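Summary of structural features
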Amino acid sequence: MSLISILLAGFAVWLLAEGLLAAAAPDFVRDLAARISQLPTRDLIIAGLAVSGVGAGLLWLAVRTA
């Protein structure tokens, strides 16, 4: 399995999960978006970097074990 295939599969799973969540709980998604928009910029940057780090680690693990 190539890196591009893994990235494409990961992106597809992300879109699938986000779409299902929005369809199953639209009020929750709307509330979450409102809460995120009120976060201070610094906190949002830190959260983004943390999630990116976890994603990079999972991608590394997926590529290494593929």
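Look up: the structure comes first, before these words.
The residue numbers shown here count from 1 along each chain, following its written sequence. Only residues with pLDDT of at least 70 get local features here, since the model is predicted, and only at 80 or more are side-chain atom pairs given and counted; chain-wide, interface and lining totals rely on the full set of residues. The side-chain numbers reported here are obtained from all heavy atoms of the structure, hydrogens and water having been left aside.

This brings us to the overall build of the protein. Each helix is a run of H or I in the DSSP string that is no shorter than four residues. Each strand is a run of E no shorter than two, and both are numbered from the N terminus. Across its full length, the protein holds 3 helices and 0 strands. The helix and strand sequence of the protein, counted from the amino end, reads α-α-α. The reference for a compact globule is 2.2 Å times residues^0.38; the radius of gyration itself is calculated from the C-alpha atoms. Whereas a compact globule of 66 residues would reach a radius of gyration of roughly 11 Å, the protein reaches 15 Å, over 25% beyond that. Projected onto its principal axes, the C-alpha positions of the protein cover 40 × 30 × 15 Å. Within the span of the protein, comprising 66 residues, buried residues form 2% of the whole. Each residue is placed in one exposure class: buried if its accessible area under a 1.4 Å probe, protein chains only, is under 20% of its type's maximum, exposed if it is over 50%, and partly exposed if it falls in between.

Time to look at a nonpolar patch on the surface. Patch membership is restricted to residues that have no salt bridge and whose relative accessible area is over 30%. Joining uses 9 Å for like charges and 5 Å for the nonpolar side chains Val, Leu, Ile, Met, Phe, Trp and Tyr. Each accessible area value is a Shrake-Rupley result obtained with a 1.4 Å probe; residue values ignore everything except the protein chains displayed when judging cover. A pair is scored as a salt bridge if a Lys or Arg side-chain nitrogen falls within 4 Å of a carboxyl oxygen belonging to Asp or Glu. On the surface, a nonpolar cluster with roughly 490 Å² of combined accessible area is contributed by Leu-21, Phe-28, Leu-32, Ile-36, Leu-39 and Leu-44. In terms of residues, the nonpolar patch owes the most to one element, helix α2 (residues 26-37), which gives 3 residues. Its place among the elements puts Leu-44 in helix α3 (residues 41-65).

Okay, the packing of helix α1 (residues 3-24) against α2 next. Running from N to C, α1 and α2 point in directions that differ by 110°, and their axes come no closer than 5 Å. One finds that α1 runs roughly perpendicular with respect to α2. Side by side, α1 and α2 meet where Leu-21, Ala-22, Ala-23 and Ala-24 of the first sit next to Pro-26, Phe-28 and Val-29 of the second. Here the residues of the contact of α1 with α2 sort into 7 nonpolar, no polar and no charged. With axes taken as lines fitted to C-alpha atoms, and helix axes fitted only over the stretch in contact, angles between N-to-C directions fall between 0 and 180 degrees. In these notes the angle categories are as follows: under 35 degrees is roughly parallel, over 145 is roughly antiparallel, 65 to 115 is roughly perpendicular, and the rest is oblique. The contact criterion used is simple: two residues touch if any of their non-hydrogen atoms lie within 4.5 Å. Polarity classes work like this: nonpolar for Ala, Val, Leu, Ile, Met, Phe, Trp, Tyr, Cys and Pro, charged for Asp, Glu, Lys and Arg, and polar for all others, with Gly in that last group.

Let's shift gears to the packing of α1 against α3. The axes of two packed helices give the description: the angle between them and the distance between them. Their axes nearest at 10 Å, the elements α1 and α3 cross at an angle of 135°. Taken together, the axes of α1 and α3 are oblique relative to one another. Here α1 runs over α3; the crossing is right-handed. Contacts between α1 and α3 involve Leu-3, Ile-6 and Leu-7 from the first element and Leu-59, Ala-62 and Val-63 from the second. When the residues that make up the contact of α1 with α3 are grouped by side-chain class, the tally is 6 nonpolar, no polar and no charged. Each crossing is labelled by how the near helix is turned from the far one, with a counterclockwise turn of less than a right angle marking it left-handed and a clockwise turn marking it right-handed.

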